[in-house]
Amino acid sequence: MGFFDKFKGGSGSSEPKAKSSGMGFASIKNVKQFTNEDLLEKLSSVNVSFGTPIMGDIKGTQSVLYKKVTDTYDIFVRVDKEKIIMGKIGTDGVSSGSTAFSAGLDMMFGGKDEGTAKADRAVDELLSVVQKLESGEEVSQSAAAGPANTASGEAETIFMKQKLTITNKFDLFDMNEETVYHVEGGLTGLDFSVQRNGQEVLEIKKKMVAVMPSYTIVKNKEEIGKLKKKMRFTNPEVSGTINGKELTIRGDLLGFDFDIQLGGTTIGHVDKDLGHWTDCFRIQIFDSSQRDIMAAMAIICDNVVDQDNK
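Definitions and cut-offs
- Residues numbered from 1 in each chain as written.
- Predicted model: local features only at pLDDT ≥ 70, side-chain atom pairs only at ≥ 80, totals over all residues.
- Heavy atoms only, no water.
- Pairing = 2+ DSSP bridges.
- Helix = DSSP H or I, 4+ residues; strand = E, 2+ residues; numbered from the N terminus.
- Axes fitted to C-alpha atoms, helices over the stretch in contact; angles between N-to-C directions.
- pLDDT = per-residue confidence, 0-100.

Undergrad: Give a detailed account of the sheet that holds strand E3 (residues 54–58), specifying residues and quantitative values.
TA: Pairing in this open sheet of six strands is antiparallel, and the strands run E1-E2-E6-E5-E4-E3 from one edge to the other. Two strands lie at the open edges of the sheet, namely strand E1 (18–20) and E3, each paired on one side alone. Mean inter-strand twist for the sheet, computed between neighbouring axes without regard to direction, equals 30 degrees. Taken together, the five bridges between E3 and strand E4 (residues 61–66) define a ladder with antiparallel strand orientation. What sits directly across from Ile 54, in E4, is Leu 65.

What follows is the structure, given as structure tokens:
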């Protein structure tokens, strides 16, 4: 069994199922029977955040390439039998041994440098585009390449200290270290009150079901969302619904470098802030109307990762 077979999409549905490792590799069933030439033509018409594609090869195997996505990595996508596979690969002048060694360190220590994180996000962004193409959608721009749904058109950013003790009070804050959200954990460690400007905007209620936690999000005493943790090959998964829309996490949850998608639209990104504070998560919000949900998801994901580490 090859590496990509572990992320192979299922065949029991007409809807193509995408699988991502969260570590810069992904695959999807090729239901449209695209060729590499088809992929180049279609992807050349799609604006993404990491460049434009060219036809190339990897050790003699024809592949569509996005060159120099970072100083270390190119991104490739190609047809592989019944699947389309994609991932990161060492760029010109960087040996495959050094990139493999770097990836091994990422998996061993659960951390990524900025370039690796960017390449992994690019693979997941590309996967989202290919999934839409396989579904027969017309795509001109990826979600990450478009302007944010905020007043400025730029992502809003807040921060949260990692490895929270859930019985403590803590804050989510802006660049000036001004409190944006105040969070209070219950004495049992199973409930959170998320407050903004002194008013509770959401409650998070945690329940253990067969060892795996589930989370209910409550607004104004009414349940608006339910999420559950599942174990996967390389990465735990948290998924569910909020306000009737499917919520998924795409990326590396354990490494804290992932997108939050609601109804197929990316509403935000969470990663580790390396430029301002130590032991801090950066929460980028792409849709102002989902600000409270993004805050809640960051708290839930931190709780999932903290418990997984324990």
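Undergrad: For the pairing of strand E7 (residues 156–161), give the residues involved together with the corresponding values.
TA: Examined bridge by bridge, E7 and strand E18 (residues 280–285) share six bridges and lie antiparallel to one another. Note on E18: the bridge partner recorded for Glu 156 is Ile 285. When E7 meets strand E8 (residues 169–173), the two strands line up antiparallel, connected through two bridges. Bridged to Phe 159 within E8 is Phe 173.

Undergrad: Describe the confidence of the model for the protein, with residues and values.
TA: For the protein, per-residue confidence averages 83 on the pLDDT scale, and 80% of positions sit at 70 or higher. Predicted confidence in the protein is weakest over helix H2 (residues 96–109), with a mean pLDDT of 50, and strongest over helix H1 (residues 36–43), with 98.

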